[in-house]
Amino acid sequence: MDDDLFDGAPIHVFSIGDDGRWPELVEAGQIRVGYPETDGDLSTISGKRDVEDQFDLGRKPGWPKSKILAKFVTDLSEGDLLIAKQGKSTIRGIGIVRSDYHFEATPTVGDSSDQHYRYVGWLDLTFDGQIDGIETDGVVNFMRGAARKEHTDSYTEIRSLILDETTNAVENYGVHVESALEVIEEEATARSLGFASDDSVEPEPVSAVNIYRNRGNADDFAEKIEQTVGASIDEELAQKLRKVLEEHPATDIETLTMLAGDDVRIFGVSSNNGPEYATLQRGDYVLHQVDSTVRYLQKVTYSLNHLPNHLREELSEVLYDTHEYHGIWIATGDPFTVAEEWSSVEGKFQAELDGSDNENLLLSRMGYFDQFNPHLIESDGGASEILTSLFTEYNDFDIPEPVLMRDYPQSQVADEPWTGPDVETPRDGCFIAIKDAGSYKDSKDIYHFKAGIPGSRQLRNAEENGVVALLQEHDEHGWQVDSIGMVGDIEPVNPPDTESENVDNQHYYLHFEEVYSIPPIRLDDLKPYLSKEVLTGAGIFKVTPQDLDLILSWHSGTLEIALSEVDSARRPDLYKQSLVHLVAGRNLAFYGPPGTGKTFTARELSKMICGEDGVHLETAHSEWTNHEIAGGWQPAGSTDSDKEWIAVPGVLSRAGAAAESSLRDDGQPSWLIIDELNRANLDQAFGEVFTLLDLDYRANREIEYGNDSQQLPLSFRILATMNTHDLAQLFSLGYAFRRRFAFVRVSSLTADTSPSDCSISTPSNTTASDAIDLLNENTTDTADLIVEAAMERLMYDESDSPFNGNVIDPVTIFPQLATPRRVQLAQESLTEREFDLETEYVVETLVAFARYTDERDLLELGHAVLMDALTYVLAHELLFPGETTAETVDEATQAYIVPQFEHVLSELRRAETLGDEDAIVQAYDDVVTVADELGLPGTARALYSAKEAGSILE
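All figures in this text were calculated on a predicted structure; none of them were measured in a lab.

A. Expanded view of the overall build of the protein chain. Counting secondary structure elements, the protein chain contains 32 helices and 31 strands. For the protein chain, with 954 residues in total, the buried portion stands at 53%. At a minimum sequence separation of 6, the contacts of the protein chain that also span at least 24 residues come to 73%. Per element, the accessible surface of the protein chain, about 42,300 Å² overall, is 43% carbon and sulfur.

Here's what the structure looks like:
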């Protein structure tokens, strides 16, 4: 052991108790902690105070549970050394941390409270129970608490003690333990250099890579090397491998894709060498040696080691007629033929690596799979440079990045959107079921369940056309729905001979008539919308047809249809911008000259989202009153002789009722189009109903008319049109209206829409710094509040719904966009991206501009307006991930902030009348210039044009 490699590295010590669960932890390769009071995910904590706050633990005497949990979540890192102790002086195992923190609501290892775990490569120092462990006898004393941290000034003592005590306690185990400790130390060294863990489902892009040696002497080893490395696997072998993979639900799409390629080579390594190959990943290099000759140099394209162990055992049987080869990798393309004695290759490496000696070149020479010393490889320029130097005819190549099915794609718009399986939702017989629930395993076409688990009777009695959405747990993304099965025959397995046998223990096979793989949907994303709680223990859950429809349409519903149609529309930018406003929770006002297609745009956009029957058109007029909009009492007439007066809904009440009905029946809203809206006296027509045009009030207020009422769904929108040529004859737009609508200009197709330079017309010495310098600690707090409010606006919370969760009704219209995880990812993406703005963050640009307009006594912009603008930017990122730019921010300020300047224009006209316009004109010009300097040229042009035309909606 090289002591210098471990100076200062932490050794974490955890007590594993005396409950007989140590063998279970070793077999699972895990360390687990938990208490009955800590039932919850700790992924977001940063210290023990967070744990105390989350579970209301308070401060307790003794070793605090909050500190133990905080240490477990935040202190441990991949590559750290870990000791499992019992009592004060017994070491039961030593291992290497192999993963980040994980949470499992229903633990599959340990007791019911052991929800918090990490993966660990253990060396079992009880040797399968032959001894209780290594007694330290005072050489090293551990505190009696459940967790602490040692440092490696004591590791040498611990190591020596383990070796001495093992030799004395268990015959012939001393050499084995010394080798195993070397492996742990080697892996700790490799992981400290940043090599990816086997637990990574999505491999990191190749950066730091290493070199390994795979060797063997037997004739069958040489034969297999030639069959699987020296030559491509033949179609017969490929079919056998694919058959094994396709029958297992844990198989991911990339593994099947890799095997379907041309010129595929595949090799495995014995499980006896498991620790040595722990860090071998895609992009690493392997020298294959038979007897004393190095035959091939191969670059790894893909690792199969994220697949379950028993599945890799089946693949090993196909490849090598034994289940011992657990480490399996794929390479594509011809390997480089070395055909050189190992002694010669070894000499070349030693000469290249500054004369390294035999002992330092390889980390271990005990097994048949060795890793070259990563310190030497890294310090000499990296694996690729070394190999191309040693083997002058070897041409290195870049391996392709993995093609993975991600929940948060780079673009929602595909050339051919995934259409989903052709499944007819049954009226009765919709289920969600857990795959691999129990000690058995499911195949692709068979679901194995036991009579005693919840929901089994309902599944056995299901209609012939029943449908099951299948859940499976994934290491990185948790529980996901990844396939849909059509219910076929259900048969008992080994039916009981007599009626007296326990029927609850009867097992059944459900044979699916058809199984469709679907892009994975995280259960956490679905949960807020499902009609019942779905737990992740063994169980079958009968759900509603609406629940199943949601799952079937998650990746192929109205969102994908709308995005595809927006992308192919004649004016994609206009439709794209309008769709973002709608998802952000705004009503829309299309304005422009006559004949530019405002009503057509409103109708087509509505049909994209609501369907042909989801559009209701009304034309406004000057005689509108609240009775026409909300409704009210009306004479019953001759058809209802028992009543003199009846409550009749108005335009908005009828539209709200239609939207609610459409949501219940079809899972999508219907909308109202009001043509020529500014011909109406809006205050007279809408009155108190104006409040309900704002989403924040819809959950708690209704449109009241007569003795009846109607709620407006959160996903309901008004799309209005406004003819700007009639402004002189039309009613002015009040502040209440401007706050509740986003304004989108529809220009003529023949108009010149290219941006013009407005800076020459606004002489001003103002710079962006004049606005940015106004940012301070108070404005930072305001910015944080605006970000939080924008995120909360978009996240789905059934308590905000007017229908108490009985109808799926997110603000974002599309449920997929409203999940907290997705909104958080979008915000993080915006925060991390560099925009062509003068501030570091988007929200700072908005706040700086607002502060400057206030500082110049021109306009005080409320924080709600800034929240609206930021919500638009966030909604854009949800719809079009990675495409949000400074231009998007500019669109937001034009739509939400510029209309608020309408009354400033009135002040300008009044000042001109009084001959006192110099101060306000200069302030206005400075604001225009600041907008341009901050990186909002469209906003600057809009404000300048409005000043010239005397109206915002010119």
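B. Structural detail: a negative patch on the surface. A contiguous patch of negative charge on the surface is contributed by Glu777, Asp781, Asp784, Glu788, Glu792, Asp797, Glu798 and Asp800. Among the structural elements, Glu777 can be located in helix H25 (residues 777-794).

C. Quick peek at helix H16 (residues 545-553). When we look at burial in H16, the residues that qualify are Asp547, Leu548, Leu550, Ile551 and Leu552. Buried residues belonging to H16 abut strand E17 (430-434), strand E19 (467-474), strand E20 (478-493), strand E21 (507-522), helix H15 (523-526) and strand E22 (540-543).

D. Highlighting unusual backbone geometry. For Glu676, which is not glycine, the phi torsion reads 55° and is therefore positive. Structurally, Glu676 is set in the loop between strand E27 (671-675) and helix H22 (682-686). Not every positive phi belongs to a glycine, and Asp857 is a case in point at roughly 55°. You can see Asp857 is positioned in the loop between helix H27 (842-855) and helix H28 (863-879).

E. Highlighting the pairing of strand E30 (residues 718-723). With 6 of 6 residues buried, E30 lies mostly within the body of the structure. In E30, alternate side chains face the same way, and those of Ile718, Ala720 and Met722 on one face and Leu719, Thr721 and Asn723 on the other are all buried. One ladder, built from 5 bridges, connects strand E23 (residues 587-592) with E30; its direction is parallel. Looking at E30, one finds that Leu588 is bridged to Leu719. As judged from the 3 bridges shared by E27 and E30, these two strands associate in the parallel manner. Directly across from Leu672, in E30, lies its bridge partner Ile718.

F. Summary view of the packing of H25 against helix H26 (residues 820-832). As a packed pair, H25 and H26 sit with axes 9 Å apart at the nearest point and diverge in direction by 145°. The handedness of the crossing between H25 and H26 comes out as right-handed. Together, Val787, Met791 and Leu794 of H25 and Val823, Gln824 and Gln827 of H26 make up the contact between the two elements. Taken together, the residues of the contact of H25 with H26 sort by class into 4 nonpolar, 2 polar and no charged.

G. Region of interest: the side chain of His12. Within the element layout of this structure, His12 appears in strand E1 (residues 10-15). Here Lys71 takes part through its side chain, which lies 3.0 Å from a polar atom of the side chain of His12.

H. Structural detail: the pairing of strand E10 (residues 264-269). Counting buried positions over the 6 residues of E10 gives 6, a clear majority of the element. The side-chain alternation of E10 yields two buried faces, one formed by Val264, Ile266 and Gly268 and the other by Arg265, Phe267 and Val269. For E10 and strand E14 (residues 327-332), the ladder comprises 6 bridges, and the chain directions are antiparallel. Each residue of the ladder has a partner; that of Phe267, found in E14, is Trp329.

I. A look at the environment of Phe901. Looking at where Phe901 falls in the secondary structure, it is placed in the loop between helix H29 (886-897) and helix H30 (902-914). Between the C-alpha atom of Phe901 and that of Ala946, which follows or precedes it by 45 residues, the distance is 9.0 Å.

J. Structural detail: the sheet that holds E21. One open sheet accounts for 6 strands, arranged E18-E21-E20-E19-E17-E22; its pairing is mixed. Looking at the sheet topology across the chains shown, the edges are occupied by strand E18 (446-450) and E22. Direction aside, neighbouring strands of the sheet carry axes that sit 35° apart on average. For E18 and E21, the ladder comprises 5 bridges, and the chain directions are antiparallel. Residue pairing for E21: Phe449 is matched across the bridge by Tyr508.

K. Highlighting the packing of aromatic side chains. In this structure the tally under the stated criterion is 16 aromatic pairs. Taking the centre distance of 5.5 Å and the plane angle of 20° together, the rings of Phe449 and Tyr508 count as stacked. Highlighted residues: Phe449 in strand E18 and Tyr508 in strand E21, separated in sequence by 59 residues. Accessibility assignment for this pair places Phe449 and Tyr508 in one class, buried. Here the aromatic cluster, defined as three or more aromatic residues joined through ring pairs, consists of Phe336, Phe391 and Tyr394. Its end group placed over the ring of Phe72, Arg118 keeps NZ or CZ at 5.8 Å from the ring centre. Lying over the aromatic face of Phe880, Lys576 brings its terminal NZ or CZ to 4.4 Å of the ring centre.

L. Up close: the pattern of salt bridges. Taken as a whole, this structure holds 24 salt bridges when the rule is applied. With a shortest N-O distance of 3.9 Å, Lys607 and Glu612 are connected by a salt bridge. Glu612 sits in the exposed class, given a relative accessible area of 60%. Residue Lys947 is joined to Asp925 by a salt bridge in which the shortest nitrogen-to-oxygen separation is 2.9 Å. With Lys947 in helix H32 (residues 937-949) and Asp925 in helix H31 (residues 918-934), the pair connects residues that are 22 residues apart, well separated along the chain.

M. Local environment of the nonpolar core. Residues Ile609, Leu652, Phe686, Phe849, Phe901 and Tyr924 are the most contacted members of the largest nonpolar core, which totals 124 residues. When residues are assigned to domains, this core turns out to be shared by domain 4 (559-745) and domain 5 (768-949), each giving three or more. Residues within four places of Phe686 in sequence aside, it is in contact with Asn626, Ile629, Ile674, Leu677 and Leu693. Membership of the second largest hydrophobic core comes to 33 residues, among which are Leu237, Val269, Leu319 and Ile328.

N. The side chain of Gln710, seen in detail. Note that Gln710 resides in strand E29 (residues 708-710). A polar atom in the side chain of Gln710 sits 3.0 Å from the side chain of Glu660. The residues touching Gln710, leaving out its near neighbours within four places in the chain, are Ser653, Gly656, Ala657, Glu660, Glu702, Ile703 and Tyr705.

O. Highlighting the sheet that holds E27. Spatially, E24-E27-E30-E23-E31 is the arrangement adopted by the 5 strands of the open sheet, whose pairing is parallel. With partners counted over all chains shown, the strands left at the sheet margins are strand E24 (615-619) and strand E31 (741-745), one partner each. Within this sheet the neighbouring strands show an average axis-to-axis angle of 20°, counted without direction. In this fold helix H18 (residues 572-583) packs onto E23, E27, E30 and E31, with an angle of close to 175° to the strand it touches most, E31.

P. Seen up close, the confidence of the model for the protein chain. In the predicted model, the protein chain carries a mean pLDDT of 80, and the fraction of residues at 70 or more is 81%. Here residues 401-417 scores under 50 on pLDDT; set against residues more than four positions off or in separate chains, the count is 40 contacts. Here residues 756-760 scores under 50 on pLDDT; set against residues more than four positions off or in separate chains, the count is 6 contacts.

Q. Structural context of the environment of Ala657. Mapped onto the fold, Ala657 is located in helix H21 (residues 651-666). Separated by 56 residues in the primary sequence, Ala657 and Pro713 have C-alpha atoms spaced 8.9 Å apart.

R. Spatial organisation of H29. Taking 1.5 Å per residue as the helical rise, H29 with its 12 residues ought to reach 16 Å, and the 16 Å between its terminal C-alpha atoms agrees with that figure. Here H29 lies mainly inside the structure; 10 of its 12 residues are buried. Here H29 has its buried residues at Ala886, Thr888, Val889, Asp890, Glu891, Ala892, Thr893, Ala895, Tyr896 and Ile897. For H29, the secondary structure elements touched by its buried residues are H18, E31, H27, H28 and H32.

Cut-offs applied
- Residues numbered from 1 in each chain as written.
- Predicted model: local features only at pLDDT ≥ 70, side-chain atom pairs only at ≥ 80, totals over all residues.
- Heavy atoms only, no water.
- Helix = DSSP H or I, 4+ residues; strand = E, 2+ residues; numbered from the N terminus.
- Buried < 20%, exposed > 50% of the residue type's maximum accessible area, 1.4 Å probe, protein only.
- Contact = heavy atoms within 4.5 Å.
- Areas by Shrake-Rupley, 256 points an atom, 1.4 Å probe, with all protein chains shown as cover.
- Patch = residues over 30% accessible without salt bridge, like charges linked within 9 Å, V, L, I, M, F, W, Y side chains within 5 Å.
- Salt bridge = Lys/Arg side-chain N within 4 Å of Asp/Glu carboxyl O.
- Lys, Arg positive; Asp, Glu negative; His and termini not counted.
- Charge placed at Lys NZ, Arg CZ, Asp CG, Glu CD.
- Pairing = 2+ DSSP bridges.
- Axes fitted to C-alpha atoms, helices over the stretch in contact; angles between N-to-C directions.
- Left-handed = near helix turned anticlockwise from the far one by under 90°.
- Nonpolar A, V, L, I, M, F, W, Y, C, P; charged D, E, K, R; others polar.
- Polar contact = N/O pair within 3.5 Å; in protein donor to acceptor, adjacent residues only side chain to side chain.
- Phe/Tyr/Trp six-rings, centres within 6.5 Å; stacked < 30°, edge-to-face > 60°.
- Lys NZ or Arg CZ within 6 Å of the ring centre and 35° of its normal.
- Core = buried A, V, L, I, M, F, W, Y, C linked by side-chain atoms within 4.5 Å.
- Domains from an automatic or database assignment.
- pLDDT = per-residue confidence, 0-100.
- Expected span 1.5 Å × (residues − 1).

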